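The primary structure of each chain is shown beneath.
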Amino acid sequence: MKSKATSFDIAHMAGVSQSTVSRALSDSPLVNEETRERIKKIAKDLNYKVDKNASNLRKQRSQTLALLLFEDPTSDDSLINPFFISMLGSITKASAAAGYDLLVSFQNLKDDWHAVYEDSNKADGLILLGYGSYTDYEYKLSQLEEQGTRFLRWGAPDKKHPGISIGCDNFLGGVEVTRHLISLGHRSFAFIGLADESAPEFKARFDGFMTVVAQGGFDTSKVVQKDAISTELAGYKAAMEILAGEHPDAIVCASDLIALGAIRAIRSQGLKVPRDIAVVGYDNIQISEFASTPLTTVQQNTQIAGELLVSNLLKLIHNEPVTDYLMPPELIVRQSCGYGFTAS
């Protein structure tokens, strides 16, 4: 059986060196166009395939990006926040379009994931996805930076935090959704979601919400805030605590999952959404549109987010300058705050 063609076979037939063949097949401008096309034709005729592993070894690159998904508390066994499912798809597509493989790794924040990639050549760079408490992984991000790992994270940019962040303007999202509630006539408010430095994205949403409440002339001391992580159960429990007192006109939730839990709690008390209490969320996960009362929410464009994460990580890998970036949010108005209202 005839052995597979090699780059040396192509070099012999083309009358050039093997290194010239390698350059030509990688479209190097060091080889003139006529010679490149001649070499490519010979390679095609011989059904020659570039040995990707050998090529990457010579370049000291894996031609692979790693996506680290950190587990979240969820109502099912996936432990993956639904928002990140659509993000995963867009990152995969963007990586493929750039000619990179994508290694997806599921991590527990308590694991030593930050050390796994040091000098391992598993990936040329890392993308980190996961909402967890920032204080749980601050040290590990610092370690990544110290060991020279190229990495980006989805989240809230902060000069105090290590690494480059690509995220959404959560403060503006909080502003827009609260302005909309006020425009509909709602006058008393509550907020469900963590609102401290451990959860900078949720805190930014809370800060935007409170800014508009204050600007509207409402008494901010009467605003009820309840902590909750991004789960339906946490939203349910927090809303039940709020409903134990005088209920507000509207509840602003730091995520759609929290909002769905809040709606369940409201209905359990014989109240209706939005007739008695308006509810809004954040993220625009798929289920929010198809809930029994479709949820008003704030969309973070996951397609653009995935493209930005990949393109900026590649810049880091090639030692090009990269800065934090905030995407604009988009308010998605549905029935849960009163628009197109049919009580349910």
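The present account deals with the structure reproduced in this document. Residue numbers run consecutively from 1 along every chain, following the written order of its sequence. Reporting in this predicted model follows two pLDDT cut-offs: at least 70 for local features of residues, and 80 or more for side-chain atom pairs to be given and counted; totals over whole chains, interfaces and linings ignore these cut-offs and use all residues. To obtain the side-chain values, all non-hydrogen atoms of the structure were included, while hydrogens and water were left out.

### As for the overall build of the protein chain
Helix and strand counts for the protein chain stand at 13 helices and twelve strands. Among the 344 residues that make up the protein chain, the fraction classed as buried is 47%. Partitioning the contacts of the protein chain with sequence separation of at least 6, the portion at a separation of at least 24 is 73%. Entry remark: accessible area of the protein chain is about 17,100 Å², with carbon and sulfur atoms responsible for 51%. Secondary structure elements follow DSSP: runs of H or I no shorter than four residues count as helices, runs of E no shorter than two count as strands, and numbering proceeds from the N terminus. Exposure classes here rest on a 1.4 Å probe applied to the protein chains alone. A residue is buried below 20% of its type maximum, exposed above 50%, and partly exposed in between. Contacts were defined at the residue level, with two residues in contact if any of their heavy atoms lie within 4.5 Å. Only the protein chains shown count as cover for residues, with accessible areas throughout obtained via the Shrake-Rupley method and a probe of 1.4 Å.

### Focus on the packing of aromatic side chains
Only Phe, Tyr and Trp rings are paired, with Trp represented by its six-membered ring, and only when their centres lie within 6.5 Å; those with planes under 30 degrees apart are stacked, over 60 edge-to-face, the remainder tilted. Summed over all chains, the structure comprises seven aromatic pairs. Residues Phe83 and Trp154 carry aromatic rings whose centres are separated by 6.2 Å and whose planes lie at 40° to one another, so their mutual orientation is tilted. With Phe83 in helix 5 (residues 82-97) and Trp154 in strand 4 (residues 151-154), the pair connects residues that are 71 residues apart, well separated along the chain. Note on accessibility: Phe83 and Trp154 belong to one class, buried. Centre to centre, the rings of Phe206 and Phe209 are 6.2 Å apart; their planes meet at 45°, and the pair counts as tilted. Within this pair, Phe206 and its partner Phe209 are both found in helix 9 (residues 200-215), separated by three residues, close to a single helical turn. Side by side, Phe206 and Phe209 carry an identical accessibility label, which is buried. An aromatic cluster is built from Phe189, Phe191, Phe206, Phe209 and Phe218, whose rings are joined through pairwise contacts. Note on criteria: charge over ring means Lys NZ or Arg CZ within 6 Å of the ring centre, with the direction from the centre no more than 35 degrees off the ring normal. The ring centre of Tyr282 lies 3.7 Å from the NZ or CZ of Arg205, which sits over that ring. The ring of Tyr236 has Arg264 sitting right over it, with the charged end atom 4.2 Å from the ring centre.

### Here we look at the pattern of salt bridges
Salt bridge, as used here: a side-chain nitrogen of Lys or Arg that lies within 4 Å of a carboxyl oxygen of Asp or Glu. Using the criterion set out here, one finds six salt bridges in the structure. Here Asp45 ties to Lys41 by a salt bridge, and the two come within 3.1 Å at their closest N and O atoms. Here Asp45 and its partner Lys41 are both found in helix 3 (residues 33-45), four residues apart, which amounts to about one turn of the helix. Residue Asp45 shares its accessibility class with Lys41, and that shared class is exposed. For Glu241, the salt bridge goes to Lys226, with nearest N and O atoms at 3.4 Å.

### Description of the nonpolar core
Here, the term nonpolar core denotes a set of buried Ala, Val, Leu, Ile, Met, Phe, Trp, Tyr and Cys residues that are joined through side-chain atoms within 4.5 Å. By size, the foremost hydrophobic cluster in this structure holds 71 residues, and its most contacted members are Met87, Leu129, Trp154, Ile192, Phe209 and Leu309. No other element matches helix 13 (residues 302-317), which puts eight residues into this core. Domain delimitation in this document rests on an assignment produced automatically or drawn from a domain database. Viewed by domain, this core spans two of them, domain 2 (64-167 + 302-327) and domain 3 (170-300), each represented by three or more residues. Counting residues in each nonpolar core, the second largest holds ten residues, with Val21, Val31, Ile39 and Tyr48 among its members.

### Description of the sheet that holds strand 7 (residues 224-226)
When DSSP finds two or more bridges between a pair of strands, those strands are recorded as paired. Sheet architecture is open: four strands sit in the order 7-6-8-9, paired in parallel fashion. Since the sheet does not close on itself, it has two edges, and those belong to strand 7 and strand 9 (278-280), each with one partner. Between one strand axis and the next, the sheet turns by 15° as a mean value, whatever way the strands run. Here strand 8 (residues 250-253) pairs with strand 9 via three bridges, running parallel. What sits directly across from Ala250, in strand 9, is Ala278. Axis definition: a line fit to C-alpha positions, over the contact stretch in the case of helices; interaxial angles, taken between N-to-C directions, run 0 to 180 degrees.

### Describing helix 13
Three- or four-residue spacings in an α-helix give side chains the same orientation, since the helix completes a turn every 3.6 residues. Each helix should span, by expectation, one fewer than its residue count multiplied by 1.5 Å. In this model helix 13 runs 22 Å from its N-terminal to its C-terminal C-alpha over 16 residues, within 8% of the 22 Å that 1.5 Å per residue would give. All of the buried residues in helix 13 are Thr302, Ala305, Gly306, Leu308, Leu309, Val310, Asn312, Leu313, Leu314, Leu316 and Ile317. Each element contacted by the buried residues of helix 13 is listed here: strand 1 (64-70), helix 5, strand 3 (125-129), strand 4, strand 5 (164-168) and strand 11 (325-327). Polar contacts here mean pairs of N or O atoms no more than 3.5 Å apart (in protein, one a potential hydrogen donor and the other a potential acceptor; neighbouring residues in sequence count only if both atoms are side-chain atoms). The N-cap of helix 13, judged by a side-chain oxygen 3.1 Å from the amide nitrogen of Gln303 a few residues on, is Asn301. With its phi angle positive at about 60°, Asn319 sits one or two positions after the end of helix 13.

### Observations regarding the environment of Leu194
With respect to the helices, strands and loops of the structure, Leu194 is situated in the loop between strand 6 (189-192) and helix 9. As for Leu194 and Arg205, which are separated by eleven residues in sequence, their C-alpha atoms are 9.8 Å apart. The contact partners of Leu194, leaving out residues within four places of it in the chain, are Ala199, Phe202, Lys203, Asp227, Ala228 and Ile229.

### Concerning the packing of helix 8 (residues 170-183) against helix 9
Contact geometry of helix 8 with helix 9 gives a least axis separation of 7 Å together with a crossing angle of 40°. Put simply, helix 8 runs oblique to helix 9. For the pair helix 8 and helix 9, the crossing hand works out as right-handed. Along its contact with helix 8, which presents Asn170, Phe171, Gly174, Val175, Thr178, Arg179 and Ile182, the element helix 9 presents Glu201, Ala204, Arg205, Asp207, Gly208, Phe209, Thr211, Val212 and Val213. An angle counts as roughly parallel when it lies under 35 degrees, as roughly antiparallel when it exceeds 145, as roughly perpendicular when it falls between 65 and 115, and as oblique in every other case. Helix crossings are classified by the rotation of the near helix relative to the far one: an anticlockwise turn of less than a right angle makes the crossing left-handed, while a clockwise turn makes it right-handed.

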